[in-house]
Amino acid sequence: MTLPPAEHTAEKAGAVPPPGCPAHASKGPGGATRLYGPAAETDPMGLYEALRAEHGPVAPVLLDGDVRAWLVLGYLENRDVASRPTQYSRDPRVWHGWRSGEIDPATSPLVPMIGWRPDCVCADGEEHQRLRGAVTAGLSQFDHRGVRRHITRFAHQLIDTFCEDGEVELVGQFTEHLPMLTLTHLLGMSDESGPRLVHAARDLFKATETSLASNAYVIECLEQLVVAKRSRPGQDIASALMAHPAGLTDEEVLHHLRLILLAGYETTANLMSNVLRMVVTDPRFRGSLAGGQMTLPEAVEQVLWDEPPLMVCPGRWANGDTTLGGRQIKAGDMLLLGLAAGNVDKAIRPDASTPVHHNRAHLSFSAGTHECPGQDIGRIIADAGIDILLTRLPDIALAVPEESLSWRSSTWARHLTALPVHFAPRVPEGHDVPNPLPAPPAPSFGPPSAPLWPSPGPGPARASGQAPPPGPVPGGGATGGVSGPASEHGPGPRATWRTRVMRFLRRR
């Protein structure tokens, strides 16, 4: 790529960030800003705003190894790039960096994120339509009520491992595991595959020296799944991809399974963590939920605007010379979609404090022909999982000072490392009709822990004939879930699985 000429970067006085700001603290060759390292890890949103102030809606940046790229910061510019596949290809083989030797494909931690694979993400035109059609069919075969039933079972099983303790670290023991357990089940893998895949997926997105090994482990697991499903197909995504009329090869099936697993896991785990953090740290957010001014699905949409689970999306490659946001883009240049930066662009959100939870026009699932096809399943996992947690533990409160919370950021995502909470202990398998819950304890830190949902036990509201509050219904379904026999929703007879998960989580 070509860096902007000097006259473009020399903005008028007062517009360029002062020395010591994130944009100046991480300059690399050619004056471009590094999108990795301390500044990007500690304050990515501050870095994006500094870049916007210095360069406008499109900024030159450097990836790991000082690999050059353009970061698209403007909302309209992001939609422009995402909606013009003929100008901005999704096929990374267009990138001139492979030919110039700018990257070593054998050792670069960027390869799992920007390398070519035989999947729909790396394809354009008719090939993209062929592959994406198979993915869409595989995902749409599941009735949403049935998906909720599986999420409900897994959520109850996870909560049963810590509900007696009165405290839990939600990221490590809930939000990282529920999406992986659900996705591995939908793909056709065994439930026991989840815990180790959680760590491999997290490491892959961190783009560290071990990312290639983690990617190899994910591929190995999925190779075994493809072999198994060729001989014994079932009602799962792997089998649906194999049976689709598009005629996917085993390699294409494998890489689409990888795409669904990794993209679905990372975005959903981060989304759940972000929503729950808002619940226990922001009294206005919690009050809006408790008071009915905002439903849980609306709360999820608000967080998707404010804290996208994937902050930067790789990537697009220019098919020819063009202009974007006042910058000269050359053929073969790499562009990154700045989803988080675009969502807070003042051109479309002049006041970021104004609620937008009724609006789904955010960029959090990208846009255009490559918009995430699995976003509805991600929303269902987040909605159902958080609903079940808050129904069973309505008095959760932050167990540490809010300022002690920390994040781990990579080029692509910002990940809450831990969310410790406390609550009144409950007995396991609380999905049966529970007894009235005790009064919430006074929290040591954080906002008052008034229950979000009323206790689902008997009380005056029930006695007067009013409708039951949102929460578990006889049979175990959470709000919006499926009623039915308890065996469909609560932990089944798989005691061996529960024991393994409990031991694994308590070792963390």
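Look up: the structure comes first, before these words.
Residue-level account of the nonpolar core, with values.
Ranked by internal contacts, the top residues of the largest apolar core, which has 131 residues, are Phe 174, Leu 257, Leu 336 and Leu 419. Ranked by the residues each element gives to this core, the list is headed by helix α15 (residues 250–281), at 16 residues. Beyond its immediate stretch of four places on either side in the chain, Leu 257 contacts Leu 187, Leu 222, Leu 225, Val 226, Ile 237, Ala 238 and Leu 241.

Describe helix α13 (residues 211–231), naming the residues involved and giving the relevant values.
Taking 1.5 Å per residue, 21 residues should reach 30 Å; α13 reaches 31 Å between its end C-alpha atoms and fits that length. By the burial criterion, the buried members of α13 are Ser 211, Ser 214, Asn 215, Tyr 217, Val 218, Ile 219, Cys 221, Leu 222, Leu 225, Val 226 and Lys 229.

Please provide a residue-by-residue account of the pairing of strand β9 (residues 334–338), values included.
For β9, a buried count of 5 out of 5 residues is recorded, marking the element as mostly surrounded by other parts of the structure. Going residue by residue along β9, you find Met 334, Leu 336 and Gly 338 tucked away on one face and Leu 335 and Leu 337 tucked away on the opposite face as well. Where strand β3 (residues 67–72) and β9 come together, 3 bridges link them in parallel fashion. Counterpart to Leu 71 in the pairing with β9 is Leu 336. Where strand β6 (residues 312–318) meets β9, 5 bridges bridge the pair, whose relative direction is antiparallel. Bridge pairing in β9 links Trp 317 to Met 334.

Residue-level account of the sheet that holds strand β13 (residues 420–422), with values.
Within the open sheet, the 3 strands sit side by side as β5-β13-β10. Their pairing is antiparallel. Two strands in the sheet have a free side with no partner beyond their single neighbour: β5 (167–169) and β10 (397–398). The sheet contact formed by β5 and β13 spans 3 bridges and is antiparallel. Paired with Glu 169 across the bridge in β13 is Pro 420.

Parameters and conventions
Residues numbered from 1 in each chain as written. Predicted model: local features only at pLDDT ≥ 70, side-chain atom pairs only at ≥ 80, totals over all residues. Heavy atoms only, no water. Core = buried A, V, L, I, M, F, W, Y, C linked by side-chain atoms within 4.5 Å. Buried < 20%, exposed > 50% of the residue type's maximum accessible area, 1.4 Å probe, protein only. Helix = DSSP H or I, 4+ residues; strand = E, 2+ residues; numbered from the N terminus. Contact = heavy atoms within 4.5 Å. Expected span 1.5 Å × (residues − 1). Pairing = 2+ DSSP bridges.

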